[in-house]
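Residues per chain, in single letters:
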Amino acid sequence: MKSEPQVYSISDLERDKQTIWDGVRNYQARNFLRQIQLGDLAFFYHSNVKPPGIVGLMKVIETDVVDPTQFDFNSQYYDPKSYLQSPRWQTVTVEFVQAFETIISLIKLKQEFSDNELLVVKKGNRLSVMPVATEVAKKILGLVS
DNA sequence: GCCAACGTTGGC
DNA sequence: GCCAACGTTGGC
């Protein structure tokens, strides 16, 4: 799950302990959010910074959360075409688990994984939420220690 | 700052 | 339904 750290960083999550992962406005990314199961772990990825990469780990503590910002007129994520009776955007609530001591940079990820193994290293992939296979996730965690 | 790789919009 | 124009993401 990607976030630009100047908008919301792993440090912010550590401070807040938990957060609703709001603002996703891409249907493919939303569909991935819908597939997330309670208790799933997720990597926190810092995008649009130097260097980009995975900076920590979090845990999903609530699924099928209606993104409140879609109904918030003052939010940049306000969606006038979404209705209270049938919300368009669902997301999850995540809990802080761990901030890695060093970033696992995108460069490192590209060295370790093919774009078939790990979607985030695929050229042109701009989705802010992507699935990671369990075996790949284990290997990534292995890079931390 | 550039630009590739998308996704979205709207005229037809 | 097609597709040109436009907007956005995000690595580089």
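It should be noted that the structure appears before, not after, this text.
Every value quoted in this text rests on a predicted model; they were computed, and no experiment measured them.

1. Quick notes on the pattern of salt bridges
Thinking step 1. Within the structure shown, the criterion is met by six salt bridges.
Thinking step 2. With a closest N to O distance of 2.9 Å, Arg-15 and Asp-16 form a salt bridge.
Thinking step 3. Here Arg-15 falls in the exposed class, since its relative accessible area comes to 55%.
Thinking step 4. Using a relative accessible area of 32% as the deciding quantity, one classes Asp-16 as partly exposed.
Thinking step 5. Close ionic contact of Arg-88 with Asp-79 constitutes a salt bridge, the shortest N to O distance being 3.8 Å.
Thinking step 6. Taking the relative accessible area as the measure of exposure, Asp-79 reaches 10% and is therefore buried.
Thinking step 7. Several salt bridges converge on common partners, so that one network encompasses Asp-12, Arg-15 and Asp-16.

2. Side note on the nonpolar core
Thinking step 1. Residues Met-1, Leu-109 and Ile-140 are the most contacted members of the largest nonpolar core, which totals 36 residues.
Thinking step 2. What Met-1 contacts, discounting residues up to four positions off in sequence, is Trp-21, Leu-33, Ala-42, Phe-43, Phe-44, Tyr-45, Met-58, Val-92, Val-94, Ser-128 and Val-129.

3. Description of helix α2 (residues 27–35)
Thinking step 1. Of all the residues in α2, the buried ones are Ala-29, Arg-30, Phe-32 and Leu-33. Mapping the buried residues of α2 onto a view down its axis gives an arc of 155 degrees, with all of them on the same face.
Thinking step 2. Capping the start of α2, Asn-26 holds a side-chain oxygen 2.9 Å from the backbone nitrogen of Gln-28, two or three residues further along.

4. Description of the protein's contact with DNA strand C
Thinking step 1. Neighbouring residues of DNA strand C: Lys-2, Tyr-45, Ser-47, Asn-48, Pro-52, Leu-106, Lys-110 and Arg-126.
Thinking step 2. Across the atoms of DNA strand C situated within 4 Å of the protein, the share located in sugar and phosphate is 78%.
Thinking step 3. Residue Tyr-45 places a side-chain N or O atom 2.9 Å away from a phosphate oxygen belonging to DNA strand C.
Thinking step 4. Here a base oxygen of DNA strand C and a side-chain polar atom of Arg-126 are 2.6 Å apart.
Thinking step 5. For the surface near DNA strand C, a count of residues per class yields three nonpolar, two polar and three charged.

5. Observations regarding the protein's contact with DNA strand B
Thinking step 1. Residues in close proximity to DNA strand B include Asn-26, Tyr-27, Gln-28, Lys-123, Gly-124 and Arg-126, which together make up its full environment.
Thinking step 2. Close to the protein, within 4 Å, the atoms of DNA strand B belong to sugar or phosphate groups at a rate of 71%.
Thinking step 3. Between DNA strand B and Gln-28 there is a distance of 3.4 Å, counted from a phosphate oxygen to a side-chain nitrogen or oxygen.
Thinking step 4. In the environment of DNA strand B, a base oxygen lies 2.6 Å from a nitrogen or oxygen atom belonging to the side chain of Arg-126.
Thinking step 5. The residue inventory of the surface near DNA strand B, partitioned by class, reads one nonpolar, three polar and two charged.

6. Focus on the environment of Ala-137
Thinking step 1. Turning to its location among the elements, Ala-137 is positioned in helix α4 (residues 134–144).
Thinking step 2. Accessibility expressed as a relative area gives 18% for Ala-137, which makes it buried.
Thinking step 3. Between the C-alpha atom of Ala-137 and that of Asn-48, which follows or precedes it by 89 residues, the distance is 22 Å.
Thinking step 4. In this view, Ala-137 contacts Phe-43 and Val-132; residues no more than four positions away in its chain are not counted.

Parameters at a glance
Residues numbered from 1 in each chain as written. Chains lettered and ligands numbered in written order. Predicted model: local features only at pLDDT ≥ 70, side-chain atom pairs only at ≥ 80, totals over all residues. Heavy atoms only, no water. Salt bridge = Lys/Arg side-chain N within 4 Å of Asp/Glu carboxyl O. Buried < 20%, exposed > 50% of the residue type's maximum accessible area, 1.4 Å probe, protein only. Core = buried A, V, L, I, M, F, W, Y, C linked by side-chain atoms within 4.5 Å. Contact = heavy atoms within 4.5 Å. Helix = DSSP H or I, 4+ residues; strand = E, 2+ residues; numbered from the N terminus. Arc of directions from axis to C-beta. Polar contact = N/O pair within 3.5 Å; in protein donor to acceptor, adjacent residues only side chain to side chain. Near = heavy atom within 4 Å. Nonpolar A, V, L, I, M, F, W, Y, C, P; charged D, E, K, R; others polar.

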